[in-house]
Amino acid sequence: MKDILVAVAWPYANSQIHVGNIAGSYLPADIFARFQRLSGNRVAMVSGSDSHGTPVAVRADAEGSTPYQVYQKYHATFLELFQKLGLAYDLFTSTHTDNHFRVSQTIFLALLENGYLYADRQQQWYSPVSGRFLPDRYVEGTCYLCGYPNARGDQCDGCGELLDATLLINPRSKADGSIPELRETVHYFLDLGKLQPAVVEFLKERKDYWRPNVLNQSLGQILAKGLHGRAITRDLDWGIPVPVEDWKGKCLYVWFEAVIGYLSATIEWAQLNGQPDAWHDWWTSPAARAYYFIGKDNIPFHAVIWPAQLAGSGETFVKIFEEVEGQALVLPFDVPANEFMNLEGQKISGSRNWAVWGLDFLERYDPDPLRYYLTVNMPESKDTDWDWKEFIQRNNNELLATWGNLANRVLAFCYRNWEGKVPQPGTLRPQDLEILTAVEAGFKSVGEHLEAVRLRAALAEGFRLAGEVNKYLDSAAPWFEIKTDKSAAATTIYTALRCIDSLKILLAPFLPFTSEKLHQFLGYDAPLFGEQWIEELQDGLGTHAVLRYRPGNASGSWTASSLEPGKALRQPAPLIKKLEESLADQERQRLGTT
Ligand SMILES: [Zn+2]
């Protein structure tokens, strides 16, 4: 039994979530976490709303409200979406909590004590129009590296590089388009140059199994350009105060504190469970494995900067936090970052409404068809495209034809002809043993893909096996067998039920709702997975709602079926709905309209 941290990207609480976000990080994390739970490992899947920083402040300006109101509004939509989509976070919280403030400030103090922070003067864009310093994200201009015209001050979407905002060409304020001027201000910097040897060593230990795109943007970039100090505070009042006297009016930079959320959320989760020390199992035990599920735009922050923050904090974080010596924080084991998903051949754009929004989608469709399509199309190694016509076709020709119909026709036929019970088979024939062996081998083959976070390959392997069971049934044809030899038909149906019972588990990480239903039809009482619920919490900063998960009496396990003859089934019903082809055109017409 292993302790697995599933750390999931923190969505900015300034916009709804679209299918590209879901395919990029949230869904892959959930598939992986569900597999690990089925395998008997102890999982902590944590994340929350990134409630601070410029994106939220920008939205508040645009909506004429406060950053707190904006964060609360979008945070609530995240909780609703994740619960409906079955993203089983052990805890989805927010960065606007007392606990996160304290953990973030302690990381800051640990880095300060260890000599990895320094204060320095800095030139920063100042807006004479609004009378304040502009955070990097408030400034846009032409990228000085690649010439992309709409680069943000902190990062360029054209070349993906982190930028020095003061070097932007033709800068303009994102708020009002006015031209800012450079003025001097004082900030704390993370001494990444000093941390470079530790980060390089960390990356080299992982280079045999990390995805090439992640290695290129981490180790490759460091070896080419080296690491340099980076400001971790800013002149902004919406965020976490710098925990040093005489630094009023300055906050921790959102990129610095949001990643600390993985740690603070685990600590909050342990406290909520009444086991406040339990977070150590995922964070200070060297055997723990931490996986970070993010999109490619987040690679430098998770593969370079966050490991630098952790390495630089060393044993000092726990020493300050709990007055315990000798416990360092665990560095990432893997950062399986995904590329982007586009939409009908164009980049997804929320502002143009060129997007398929998660909650809106679920008003009209079930969650598992979305999970299926996003997984077969997951941008694991290159950008992919959401195509409405393809979504409908894959739902009908794969999810329904290969899997939904297979389960439904076997269950319905069995229910009708064997009094709603699993039939007593005769001696298993070579073809029965062959298909049982093939499907049971899936626990190894699908499991190996899942363990290595090759989710597309894992799902494809599961569906290949479902296809084999279809072939077996077509060849045995129990619907005809039963007319001449009911015992032979019983053997076939018993074998098929065992295969379906196993496939139910193999596909459960991807299709949890379908598998849960099928599990009931097969007569089981305890559910496969635990339950999710939303809860309102209070602390000194206000209320924050959280999404939680508890295993309860979950009974699913990554093992082959041992379905017993005579077991009572429940009345089956279709698992997957057929979708009309004409829906694709209707959906396309919604795109780009506001
Ligand atoms: Zn660029």
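Parameters at a glance
Residues numbered from 1 in each chain as written. Predicted model: local features only at pLDDT ≥ 70, side-chain atom pairs only at ≥ 80, totals over all residues. Heavy atoms only, no water. Donors = N, O, S within 2.8 Å, 3.2 Å for Na, K, Ca; no water. Tetrahedral: all angles 85-135°; square planar, octahedral: opposite > 155°, others 65-115°. Helix = DSSP H or I, 4+ residues; strand = E, 2+ residues; numbered from the N terminus. Buried < 20%, exposed > 50% of the residue type's maximum accessible area, 1.4 Å probe, protein only. Pairing = 2+ DSSP bridges. Axes fitted to C-alpha atoms, helices over the stretch in contact; angles between N-to-C directions. Parallel < 35°, antiparallel > 145°, perpendicular 65-115°, else oblique. Contact = heavy atoms within 4.5 Å. Nonpolar A, V, L, I, M, F, W, Y, C, P; charged D, E, K, R; others polar. Phe/Tyr/Trp six-rings, centres within 6.5 Å; stacked < 30°, edge-to-face > 60°. Lys NZ or Arg CZ within 6 Å of the ring centre and 35° of its normal.

Student: Please explain the coordination of the zinc ion as it appears in this structure.
Tutor: Ideal geometry at a metal centre: 109.5 degrees between donors when four sit tetrahedrally, and 90 or 180 degrees when six sit octahedrally. The coordination sphere of the zinc ion contains the protein donors Cys-143 (SG), Cys-146 (SG), Cys-156 (SG) and Cys-159 (SG), at a distance range of 2.3 Å. Around the zinc ion, the four donor atoms sit at angles spanning 107 to 116°, and that spread fits a shape best called tetrahedral. Look at where the donors of the zinc ion fall in the sequence and you get C-x2-C-x9-C-x2-C. Remark: Cys-159 occurs in the loop between strand S7 (151–152) and strand S8 (169–173) and Cys-146 occurs in the loop between strand S6 (139–142) and S7; sequence separation between them is 13 residues. Assessed through its relative accessible area of 39%, Cys-146 is described here as partly exposed.

Student: Just to check I follow, could you spell out unusual backbone geometry for this structure?
Tutor: Where the residue is not glycine, phi is negative for most of them; where a peptide bond is considered, it is trans in most cases. Residues other than glycine seldom take positive phi values, yet Asn-353 does so here, at roughly 60°. Of note, Asn-353 is situated in the loop between strand S14 (341–343) and helix H12 (358–364). Of the residues examined, Asn-353 reaches a relative accessible area of 18% and is grouped as buried.

Student: Got a minute to help me understand the sheet that holds S7 in this structure?
Tutor: Hydrogen bonding along the main chain pairs the strands of a sheet, whether they run parallel or antiparallel. In space, the three strands of this open sheet follow the order S7-S6-S8, with antiparallel pairing throughout. Of all the strands in the sheet, the pair left with one neighbour each is S7 and S8. As paired strands, S6 and S7 are joined by two bridges and run antiparallel to one another. Looking at S7, one finds that Gly-141 is bridged to Ala-151.

Student: How should I be thinking about the packing of helix H13 (residues 367–376) against helix H14 (residues 388–417) in this particular structure?
Tutor: Two quantities define a packed helix pair, namely the angle between the axes and the distance from one axis to the other. Between H13 and H14, whose axes approach to 10 Å, the crossing angle comes to 100°. As far as their axial angle goes, H14 and H13 are roughly perpendicular. Here Asp-368, Pro-369, Leu-370, Tyr-372, Tyr-373 and Val-376 of H13 come into contact with H14, specifically with Glu-390, Phe-391, Arg-394, Asn-395, Glu-398 and Leu-399. Its residues assigned to classes, the contact of H13 with H14 comprises seven nonpolar, one polar and four charged.

Student: I tried to follow the packing of aromatic side chains on my own but got confused; where do I start?
Tutor: When we look at a pair of aromatic rings, we describe it by the centre distance and by the angle of the planes. A complete count under the given rule lists 41 aromatic pairs for this structure. Pairing Trp-283 with Trp-306 gives two aromatic rings, centres 6.3 Å apart and planes at 75°, and the pair type is edge-to-face. Note that Trp-283 is positioned in helix H9 (residues 280–283) and Trp-306 in helix H10 (residues 299–313), a separation of 23 residues in sequence. Comparing Trp-283 with Trp-306 shows no difference in burial state: the two are buried. These aromatic residues form a ring-pair network of at least three members: Phe-361, Tyr-365, Tyr-373, Trp-386, Trp-388 and Phe-391. The ring of Tyr-126 carries Arg-183 above its face, with NZ or CZ at 3.8 Å from the centroid.

Student: Please clarify how helix H19 (residues 512–521) should be interpreted in this entry.
Tutor: One turn of the α-helix equals 3.6 residues, which is why residues spaced by three or four share an orientation. With seven of 10 residues buried, H19 is to be regarded as a mostly interior element. Residues of H19 that are buried: Pro-512, Thr-514, Ser-515, Glu-516, Leu-518, His-519 and Phe-521. Looking at the buried residues of H19, the elements they touch are helix H1 (19–38), H13, H14 and helix H18 (486–506). The first or second residue beyond H19 is Gly-523, which carries a positive phi of 95°.

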